[in-house]
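Now for the letters of each chain:
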Amino acid sequence: MKKRQVMNCIFSAWYPRFEHLTFPSVVLPLPAQFISYLLADGIVLPNSGKGKGHKSSYKAHPDDDSDVEDPDWSDEDDDAQTDAPEFPELEAQIKQAIAHLGGKVFPKLNWSAPKDASWIALNNSLQCTCPEDVYLLLKSSDFVTHDLTQPFDRCEDEDTDVDVQYELVLRRWTNVHPGMEFRCFVKSDRLIAISQRHHSNFFPYIDEQHDSIHKDILDFYHTDIEKRFPDTNFVFDVYRKKAGKVMLVDFNPFCEVTDPLMFTWDELTSGEPLEGSNSTEGEGVTEGVVFRYIKSEMGVQPNPLHSYRVPEDIAHLTSGEDAHKLIDFLQMKCQSQEGEESTGMET
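Reading the values: rules and limits
- Residues numbered from 1 in each chain as written.
- Predicted model: local features only at pLDDT ≥ 70, side-chain atom pairs only at ≥ 80, totals over all residues.
- Heavy atoms only, no water.
- Helix = DSSP H or I, 4+ residues; strand = E, 2+ residues; numbered from the N terminus.
- Axes fitted to C-alpha atoms, helices over the stretch in contact; angles between N-to-C directions.
- Parallel < 35°, antiparallel > 145°, perpendicular 65-115°, else oblique.
- Contact = heavy atoms within 4.5 Å.
- Nonpolar A, V, L, I, M, F, W, Y, C, P; charged D, E, K, R; others polar.
- Pairing = 2+ DSSP bridges.
- Core = buried A, V, L, I, M, F, W, Y, C linked by side-chain atoms within 4.5 Å.
- Buried < 20%, exposed > 50% of the residue type's maximum accessible area, 1.4 Å probe, protein only.
- Salt bridge = Lys/Arg side-chain N within 4 Å of Asp/Glu carboxyl O.

## A few points about unusual backbone geometry
Reasoning step 1: Phi angles above zero are rare outside glycine, and D189 is one such case at about 65°.
Reasoning step 2: With respect to the helices and strands, D189 occurs in the loop between β4 (181–187) and β5 (190–196).
Reasoning step 3: Notably, K227 is not glycine yet its phi reads approximately 60°, a positive angle.
Reasoning step 4: Structurally, K227 can be placed in the loop between α8 (204–225) and β6 (234–242).

## Description of the packing of helix α5 (residues 88–100) against helix α6 (residues 131–139)
Reasoning step 1: The contact between α5 and α6 brings their axes to 9 Å, and the two run at 110°. Of the possible angle classes, the one that applies to α5 and α6 is roughly perpendicular. Facing α5, whose interface residues are E91, I94, K95 and I98, α6 presents P131, V134 and Y135.
Reasoning step 2: Residue composition of the contact of α5 with α6, by class: five nonpolar, no polar and two charged.

## Observations regarding the sheet that holds strand β1 (residues 25–29)
Reasoning step 1: If you walk across this open sheet you meet the three strands as β1-β3-β2, and the pairing is antiparallel. Looking along the sheet, the strands with just one partner apiece sit at the ends: β1 and β2 (105–108). Across the sheet, the mean angle separating the axes of adjacent strands is 20° when strand polarity is ignored.
Reasoning step 2: In the packing of helix α2 (residues 11–18) onto the sheet, contacts are made with β1 and β3 (167–172), and the angle to β3 comes to roughly 40°.
Reasoning step 3: Where α5 meets the sheet, its contacts fall on β1, β2 and β3, and the angle it forms with β1 comes to roughly 175°.

## Let's talk about the nonpolar core
Reasoning step 1: In terms of nonpolar packing, the biggest core is built from 74 residues, with I225, F236 and F251 touching the most fellow members.
Reasoning step 2: Those residues in contact with F251 that sit more than four places away from it in its chain are C9, W14, F18, I225, F229, F234, V235 and F236.
Reasoning step 3: Among the nonpolar cores identified, the runner-up in size contains 10 residues, and V235, F254, F263 and L268 belong to it.

## Considering the pattern of salt bridges
Reasoning step 1: All told, the structure shown has 10 salt bridges when counted by the stated rule.
Reasoning step 2: With a closest N to O distance of 3.7 Å, K227 and D189 form a salt bridge. In this pair, K227 sits in the loop between α8 and β6 while D189 sits in the loop between β4 and β5, placing the two residues 38 residues apart along the sequence.
Reasoning step 3: D216 serves as the salt-bridge partner of R240, at 2.9 Å between the closest nitrogen and oxygen. A residue pair is termed long-range when its members are at least 10 positions apart, and R240 in strand β6 and D216 in helix α8 qualify at 24 residues. Each member of the pair, R240 together with D216, is buried.
Reasoning step 4: Each of R183, R197 and D237 takes part in one network of salt bridges that share partners.

As C-alpha cells, then:
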C-alpha cells in the first residue's frame, strides 16, 4: 500500500465527487492547538462558551420528588476549568455545523470515527448534539489517536513526504439499521466481495433478501462507483436504505489496516477465486462477486470493539441504566473523603 492510497481515502478527498450518494456532512479544519489537546494525556474537556456559570441539566432522580440533592461540585469545577483549554472559534463552527445538519451529528476525523469510545457517552452511541459530546468522543478514542500518529504505519513508501491537513468531519445523524450495512472489496477495478458489516449479529432477513441485496449493491457499484475512485484497489462501505436504494458510507484502503470482516486478506489478495464459506455462513455468487453474511446464530463472530470496553458496571453507568447508582456512588465518595479529612484533623 502506498501513502497516496491512504490519502485518497481521506473524507474531504472523496466527498465532493460522491456527495450526492452519501449523508450530508460538514468538514472543519482542525487547528494545531486542538490536535495537541487530543494527543495530551488525560481527559479534560475544553471550556465551553456557556461559561463557568453553566449548570448541567442532568437530574439524579428525574421522576422522584424526594429530598435527595444533586452533588455540588462547584469548587472542583472552578479549579478544573482554570486549566481547561479553550477553542472558541472551533466551538462556534461545530455549533453552526450541528444546527445546519439538523441538531444531531456523527463525528470522525480524516479516516476514522471514534467507535471504540461510544461506551463513554451517556447515550452509548456516537450521536452528538453539542461540542462537548464531540470533544469527549474524540479525546477518548484510540482510533482517533491512530489517525493522528500512525496514519501510514503499513505503507511501503515510508520515505515519501506527505502533508496531512487534519479535519473534523460532522455527518448528519441517521438512524441506520446495522443489518443493512455492508463492506465491499474492489480489486483491479472489479468488485470481488461483499461482507455483512456487523458480523457479530445475526439478521435473519439478510438470508431472506440476499439475492436482492446482492443485486442492489452490484447495480450501485456499476452505476455510481466503478472507475470513479482514483485507485483501482479499494474498499467501500454502503447502507441499503430500502430495496433499490443504496447509499455510500465511506472508502477505505485495500490492505490489512481495513477489517476484512467475513473474509481474510490472504484470500482477498491471493488472486485465486474466493471459495465457499462454512455452514454457519450464507454465501451468494453473482457476476463472480462473493457475498458473505451470517446465516444463523451459530455463525455470529466476536465484536472487535468489545476489547475497548470497560467493566459492565461502568458501562451501565455511562449508558444511563444505573443513574441512581451513579449518584449514590458519588455521594458515598464525598462522605468518605469528608470522613477521612475529619479523622486527620482529630489526630
